[in-house]
Amino acid sequence: TITNTSNFRFVMSIRLMFKRRPMNLWWRSRVVAHSAQFRNKFQFRKNHSEQFGFTEVPAGEKKKHVGDVFHRVAEKYDLMNDLMSLGVHRLWKESFVQMLNPHRSMHLLDVAGGTGDIGFRFIESLPRSRSSTASPPALSSIPAQHSDSSSSSSASTSLAPRVTICDINSSMLEVGKKRAKERGYSSNNEHCAIEFAVADAEDLPFPSDTFDAYTIAFGLRNVSNIEKALSEAFRVLKVGGRFLCLEFSHVESMSLRFLYELYSETVIPKLGEIVANDKQSYQYLIESIRLFPEQQQLIEMMRECRFESTSFTNMSGGVVSVHSGYKL
């Protein structure tokens, strides 16, 4: 129920005005984003619809639309990341993995990690043991929506690092498997195991208290229900386990925010059109960033899902932010 009907009508009238006149794209995106947040705040949509970018879709359909986006962009995903961020995403991810403080006894779950960027960086950041140079990590797959915590027990010792990379999108996972083989992560050995699984962040097919660490990079804003994804992260972590999320966030400086949002609204969709022949998908990606909770809002959501010692660290002035929490 909307508690302030006049404010809602005012916002919606401005939306209509902006749709009818060819006004500045940046200002239009601001109004649309704020009106969507307004409707969320007062539970206007209840359970009847959800946001796919700035577009309302029937409840339950966002997952399908997001899946279609990533099926289309999978092959060009890494190239577009380089172009959109001018390569800075590599520095963000390196810092993100270092914040995890990787060690060889860690079992990592990387969610929405289809192309393997975080999982591979985790492996490559580990201190090498004298025997670990003999052969590359083993590569295995977990059937969709099934879990077997002992599936790679023959490929790793109790103290050997393990990485489980899961993604709801099979096309993204195929890219990750291909990259794993190109890096030599395919020989059977007992030094490290990399597993791939088709899995939904909101309904993970893994037993409770399984993983030492949970990472999700540029994926949380694409889930239909952030609270469900956070609750699942908490469930599958061991006591003492750490949750770490790298995501586009909200820029602190007003002047930098204007330049950043103007660039992302005008340049990135055009890049998608030229490089990936898919402007629409990259328009959605930008809109999903606008609707993602602000830094402190996400902290509050994490606390509601029982994470403790929560904190966030901004990078590049808040263009991206790393959120951290523990299961204690």
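Residues numbered from 1 in each chain as written. Predicted model: local features only at pLDDT ≥ 70, side-chain atom pairs only at ≥ 80, totals over all residues. Heavy atoms only, no water.

Draft legend 1. Summary view of the overall build of the protein. Regarding its fold elements, the protein presents eleven helices and ten strands. Of the accessible surface of the protein, which amounts to about 15600 Å², a share of 53% is contributed by carbon and sulfur atoms. (Helix = DSSP H or I, 4+ residues; strand = E, 2+ residues; numbered from the N terminus. Areas by Shrake-Rupley, 256 points an atom, 1.4 Å probe, with all protein chains shown as cover.)

Draft legend 2. Representation of the environment of Lys76 within the structure. With respect to the helices, strands and loops of the structure, Lys76 is situated in the loop between helix H3 (62–73) and helix H4 (77–85). Through-space distance from the C-alpha of Lys76 to that of Gly272 is 9.3 Å; in sequence the pair is 196 residues apart.

Draft legend 3. Quick look at the packing of H4 against helix H5 (residues 88–99). Orientation of H4 relative to H5, taken along the N-to-C sense of each, is 105 degrees, at an axis distance of 7 Å. The angle between the axes of H4 and H5 places the two elements in the roughly perpendicular class. Along the contact surface, H4 presents Asn81, Asp82 and Ser85, while H5 presents Val88, His89, Arg90, Trp92 and Lys93. Partitioning the contact of H4 with H5 into residue classes produces two nonpolar, three polar and three charged. (Axes fitted to C-alpha atoms, helices over the stretch in contact; angles between N-to-C directions. Parallel < 35°, antiparallel > 145°, perpendicular 65-115°, else oblique. Contact = heavy atoms within 4.5 Å. Nonpolar A, V, L, I, M, F, W, Y, C, P; charged D, E, K, R; others polar.)

Draft legend 4. Just the environment of Gly272, in detail. Inspection of the secondary structure assignment puts Gly272 in helix H9 (residues 254–275). Put simply, Gly272 and Gln283 are eleven residues apart on the chain and 8.4 Å apart in space, counted from C-alpha to C-alpha. If we ignore the near neighbours within four places in the chain, the residues touching Gly272 are Met80, Asn277, Asp278, Lys279 and Tyr282.

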